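Residue-level listing of the chains:
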Amino acid sequence: MKAPQDCETMADVRAGIDALDEELVALFARRVAYIDAAARVKARVGLAARLEDRVEEVVANVRRHAAAQGLPEDALEKLWRRMIDWSIAREERHLGKDQGQ
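Residues numbered from 1 in each chain as written. Predicted model: local features only at pLDDT ≥ 70, side-chain atom pairs only at ≥ 80, totals over all residues. Heavy atoms only, no water.

The full count for this structure, using the stated rule, is eleven salt bridges. Between Arg50 and Glu52 there is a salt bridge, with the nearest N and O atoms lying 3.4 Å from each other. Looking at Glu52, the relative accessible area reads 42%, which means it is partly exposed. Linked by salt bridges that have partners in common, Glu56, Arg63, Glu73, Asp74, Glu77 and Arg81 make up one network. (Salt bridge = Lys/Arg side-chain N within 4 Å of Asp/Glu carboxyl O. Buried < 20%, exposed > 50% of the residue type's maximum accessible area, 1.4 Å probe, protein only.)

This paragraph deals with helix H3 (residues 73-95). The end-to-end C-alpha distance of H3 is 32 Å, a good match for the 33 Å that 23 residues give at a rise of 1.5 Å each. Next to the buried residues of H3 lie helix H1 (10-45) and helix H2 (52-69). Phi for Gly96, located one or two positions after H3, is positive at around 85 degrees. (Helix = DSSP H or I, 4+ residues; strand = E, 2+ residues; numbered from the N terminus. Expected span 1.5 Å × (residues − 1). Contact = heavy atoms within 4.5 Å.)

Here it is as structure tokens:
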């Protein structure tokens, strides 16, 4: 995979994007494993899937990381909130929606 500044054709660009997408999916799979671990721990200690303080902490972290990388904070916050909602829904399926609330 060529560095972005070394891409001379759309094939170069597409190869780079495709390789990064594969890496992102692998990272997402790792994140999901932690979500599943959270559901397991939350079930044991009686916590709800959605913990608003933690949601806002994650969003604040993402906004800070986005700013440090020169990326649009609002856009990444929206993306992350969707991912958080998906993650919480996954946890709720593991917990049973009424457990821990």
